[in-house]
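Residues per chain are reported as follows:
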Amino acid sequence: MSATVRQRDFEEYARAGRQRLYRTAYLLCGDREHARDLVQSTLARLFQHWHRASRAEHLDAYARTVLTRLFLHERRRRLRDLLAHARPDPAPAEPRPELRVTLMAALAELPPRARAMVVLRYWEDLSVSEVAAQLRCSESTVKSQCSRSLTRLRAVLGEAHVYTAEY
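Positions within a chain are numbered from 1, following the residues in the order the chain's sequence is written. Local features in a predicted model are, by the rule used here, given only for residues with pLDDT of at least 70; side-chain atom pairs are given and counted only at 80 or more, and totals for whole chains, interfaces and linings are based on all residues. Water and hydrogen atoms were dropped before computing side-chain values, which therefore reflect all heavy atoms in the structure.

> So, the overall build of the protein: which residues are in play, and what are the values?
Under the scheme used here, helices are H or I runs from DSSP no shorter than 4 residues and strands are E runs no shorter than 2 residues, and both carry numbers assigned from the N terminus. Secondary structure summary: the protein contains 9 helices and 0 strands in total. Note on exposure labels: buried denotes an accessible area under 20% of the residue type's maximum, exposed denotes more than 50%, and partly exposed covers the range between, all computed with a 1.4 Å probe on protein chains only. Taken across its 167 residues, the protein has 34% of its residues classed as buried. We call two residues in contact when some of their heavy atoms are within 4.5 Å. In the protein, once contacts between residues fewer than 6 apart in sequence are set aside, the share between residues at least 24 apart is 63%. Only the protein chains shown count as cover for residues, with accessible areas throughout obtained via the Shrake-Rupley method and a probe of 1.4 Å. Put simply, the protein shows about 11,100 Å² of open surface, and 53% of that area lies on carbon and sulfur atoms.

> Tell me about the confidence of the model for the protein, residues and numbers included.
Taken as a whole, the protein shows an average pLDDT of 83; of its residues, 80% reach a score of 70 or greater. As a per-residue quantity, pLDDT reports the predictor's confidence and falls between 0 and 100. Note on residues 161-167: pLDDT is under 50 here. Beyond four places in sequence and across chains, it has 1 contact.

> Can you break down the side chain of Thr68 residue by residue, with the values?
Summarising the element assignment, Thr68 is placed in helix α4 (residues 59-85). Looking at Thr68, its side chain comes within polar contact range of the main-chain oxygen of Arg64, at 2.8 Å. Beyond its immediate stretch of four places on either side in the chain, Thr68 contacts Leu28, Ala116, Leu120, Gln134 and Leu135. Here a polar contact is taken to be a pair of N or O atoms separated by no more than 3.5 Å, where protein atoms must pair a possible hydrogen donor with a possible acceptor and residues adjacent in sequence count only if both atoms sit in side chains.

> Give me unusual backbone geometry: which residues, what numbers.
With phi around 60°, Asp125 is a residue other than glycine that occupies positive phi space. In this fold, Asp125 is placed in the loop between α6 (112-123) and α7 (128-135). Its identity as a non-glycine residue notwithstanding, Arg136 has a phi of 55°, on the positive side. Examined against the element boundaries, Arg136 turns out to sit in the loop between α7 and α8 (139-157).

Structure representation (structure tokens):
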């Protein structure tokens with residue numbers, strides 16, 4: 001396959017899949033600009049390894065895996081940077097109940113890996129085994145983390161989840 005054909009195939013995939021990737025990225029990071037950057041990084045990584053990615057049985061799953069791993073890697077790097085420059089024992093932030101009504105605020109309170117599991121499992125509707133494969137962990141880890149995360153989300157959302165369950 002020539003380089004121009006591979007490039008054309010990648011461009012077609014990028015145009016078709018960008019919105020799906022953006023939706024997942026936004027749910028993971030909760031910020032429009034950061035989600036756009038994450039999608040760009042994912043597409044750049046896919047283009048860099050297109051010869052391998054294009055042979056994947058499920059290209060969307062492959063791309064979602066790259067996106068999720070980039071998100072988690074970036075979060076770990078940010079956390080390391082923050083910890084390196086953090087002051088000891090900062091005062092805890094005052095809770096902001098007005099933000100707890102929204103799902104995005106509740107998701108933001110989950111650790112990055114737990115958030116990724118919840119988004120992939122319940123928003124992307126992936127099976128437990130698919131999430132485990134993408135995050136390179138056991139199925140029991142996915143089940144327990146999702147269960148704990150849902151309990152935490154219910155506690156954070158309070159009565160708000162009662163109103164969303166009707167739809």
